[in-house]
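Overview (structure and organization)
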Amino acid sequence: MAEVIVRKLNKMFDTNHVVKDVDLHIRDKEFVVFVGPSGCGKTTTLRMIAGLEAVTSGDILIGNTVVNEVPPMDRDIAMVFQNYALYPHMSVASNMAFGLKMRKFEKPEIEKRIKRAAEILGIGELLQRKPRQLSGGQRQRVALGRAIVRDPKVFLFDEPLSNLDAKLRVQMRVELKKLHERLAVTSIYVTHDQVEAMTLGDRVVVMKDGVVQQVGEPLQLYNSPANRFVAGFIGSPAMNFAEVTLTDGNGLVTAEAPGLKIALPAELAGRARAHLGRRATLGIRPEDIHVAGPADVAGHCFDAGIEVVEQLGSEILLDTRVGSALFVASIDPAMRVRPHEKLRLALKPERLHLFDAESEIAL
Ligand code: ATP
């Protein structure tokens, strides 16, 4: 069993409090991704788990053992870095063997492990080359190989794909997912890329300013963001927001802003009732807006002024103005629309989100 448990973890760099009371329970064999904007403390959290950074307060347990005082080498983890951290003067095979030699493994065992890792990663042909004779993608495979041969309890990944070009990154992402299915080793992965987080993670930890905002399965974060930050961070293009007031008239709760009067569906209306008269933020994703048709009731429609039309082939992204708010809508690519036109749009009421304007917490 290799659970990783983090309890009330804090990190101060002098007076700068960069990781704040982080609590996490990462299950055996789980793939957990830490995601958040630059500087949110995700790398520092990972480095504390790795033992590369001292803990200011709190505990880290790997496989039921508190490891706060255990040096990185004895934590039974293997880390893969963004810059690969390969030894330039050593061959691929020697790079992969290095950690095992340090740990006094016998030569036949080292060879067996390198062979297996090279097979898994498809780098058998490259074993005698030096890192400078490899492409970025090949170097990243070698870095993975060096982690695999260790057969660790936990893999730690620090933005391992960010030096690769976009196409290769997508390819390696798929390979990493297959690798995890095959090896089933508890993995923690740091990225600022929410698409990587959503596609790789069994669960995703969203961080901001050193604080965990939400932990959940990718679809849970997408469908039920805990606050406005998570709502805006997960999903691309990002969720649209409008500042609204909530009113109750004849039993119908509406969210109103200039140019917008949306009737809330029963369940959301129930939650909104406690907030009547208060400021709130309405959220709707671009993919939950469409060009209004006969089936759309007036309470779910609004007029939008088209500012920019982006034809992507699979969809059209419209940048529109709705009263004082800017909404992006993803519409059918067969539609013919032009900038500066007015268009009647409709939203899916069951896909609406509401957040308290002050606390930004979901209603
Ligand atoms: P990025 O994606 O840019 O790496 P991150 O979310 O991983 O961001 P961290 O690298 O954990 O963020 O950094 C969190 C905060 O801690 C930042 O404000 C950073 O400047 C600060 N920090 C990180 N390492 C140190 C250090 N060794 N000394 C002082 N401050 C540090």
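Calculation criteria
- Residues numbered from 1 in each chain as written.
- Predicted model: local features only at pLDDT ≥ 70, side-chain atom pairs only at ≥ 80, totals over all residues.
- Heavy atoms only, no water.
- Near = heavy atom within 4 Å.
- Polar contact = N/O pair within 3.5 Å; in protein donor to acceptor, adjacent residues only side chain to side chain.
- Areas by Shrake-Rupley, 256 points an atom, 1.4 Å probe, with all protein chains shown as cover.
- Helix = DSSP H or I, 4+ residues; strand = E, 2+ residues; numbered from the N terminus.
- Nonpolar A, V, L, I, M, F, W, Y, C, P; charged D, E, K, R; others polar.
- Phe/Tyr/Trp six-rings, centres within 6.5 Å; stacked < 30°, edge-to-face > 60°.
- Buried < 20%, exposed > 50% of the residue type's maximum accessible area, 1.4 Å probe, protein only.
- Lys NZ or Arg CZ within 6 Å of the ring centre and 35° of its normal.
- Pairing = 2+ DSSP bridges.
- Contact = heavy atoms within 4.5 Å.
- Axes fitted to C-alpha atoms, helices over the stretch in contact; angles between N-to-C directions.
- Parallel < 35°, antiparallel > 145°, perpendicular 65-115°, else oblique.
- Left-handed = near helix turned anticlockwise from the far one by under 90°.
- Domains from an automatic or database assignment.
- Buried area = accessible area lost by both parts, 1.4 Å probe.
- Salt bridge = Lys/Arg side-chain N within 4 Å of Asp/Glu carboxyl O.

Now for the site of the ligand. Around the ligand, a shell composed of Phe13, Val18, Pro37, Ser38, Gly39, Cys40, Gly41, Lys42, Thr43, Thr44 and Glu159 is seen. For the ligand, an oxygen atom lies 3.0 Å from a polar atom in the backbone of Gly41. With respect to the ligand, the side chain of Lys42 contributes an N or O atom lying 2.8 Å from an oxygen atom. Look at the ligand: alone it shows 620 Å² of surface, and the protein chains cover 58% of it. With 3 residues, helix α1 (residues 42-50) is the largest single contributor of residues to the shell around the ligand. Classifying every residue of the shell around the ligand gives 4 nonpolar, 5 polar and 2 charged.

Tallied over the entire structure, the rule returns 8 aromatic pairs. With a centroid separation of 6.1 Å and 10° between ring planes, the pair formed by Phe31 and Phe157 is classed as stacked. Taken as a pair, Phe31 in strand β3 (residues 31-35) and Phe157 in strand β7 (residues 154-158) lie far apart in primary sequence, 126 residues in all. Taken individually, Phe31 and Phe157 each receive the classification buried, so the pair is uniform in this respect. Considering the side-chain rings of Phe229 and Phe233, the 5.6 Å spacing of their centres and the 15° angle between planes classify their relative orientation as stacked. Residue Phe229 and its partner Phe233 are located together in helix α8 (residues 228-233), separated by 4 residues, close to a single helical turn. On the basis of relative accessible area, Phe229 is assigned to the buried category, the value being 19%. One aromatic cluster in this structure is built from Phe31, Phe155, Phe157 and Tyr189. Here the guanidinium or amino end of Arg228 rests over the ring plane of Phe241, the centre of that ring lying 4.3 Å away.

The pairing of strands in a sheet happens through backbone hydrogen bonds and is either parallel or antiparallel. One open sheet accounts for 4 strands, arranged β2-β1-β4-β5; its pairing is antiparallel. This sheet does not close on itself; its edge strands, each paired only once, are β2 (16-26) and β5 (65-66). In terms of strand pairing, strand β1 (residues 4-13) meets strand β4 (residues 57-62) through 5 bridges, oriented antiparallel. Bridge pairing links Val4 to Ile62 in β4. Here α1 sits on the sheet and contacts β1, β2 and β4; the angle it forms with β1, its principal contact strand, is near 115°.

Helix α3 (residues 107-121) packs onto helix α2 (residues 92-102) with a crossing angle of 130° between their chain directions and a minimal axis gap of 10 Å. Relative to α3, the element α2 lies oblique. In this structure, α2 meets α3 at a crossing whose hand is right-handed. Between α2 and α3, the residues in contact are Ala93, Met96, Ala97, Leu100 and Lys101 and Ile110, Arg113, Ile114, Ala117 and Ala118, respectively. Classifying every residue of the contact of α2 with α3 gives 8 nonpolar, no polar and 2 charged.

Domain boundaries in the protein define domain 1 (4-225) and domain 2 (240-356). Taking only C-alpha atoms, the centre of domain 1 and the centre of domain 2 are 40 Å apart. The interface of domain 1 with domain 2 comprises 4 residues on the first partner and 5 residues on the second. Overall, the association of domain 1 and domain 2 removes approximately 400 Å² of surface from exposure, summing both partners, and the carbon and sulfur fraction of that is 42%. Our count for the contact surface shared by domain 1 and domain 2 stands at 0 salt bridges. Where domain 1 meets domain 2, there are 3 residue pairs in polar contact (both at pLDDT 80 or more).

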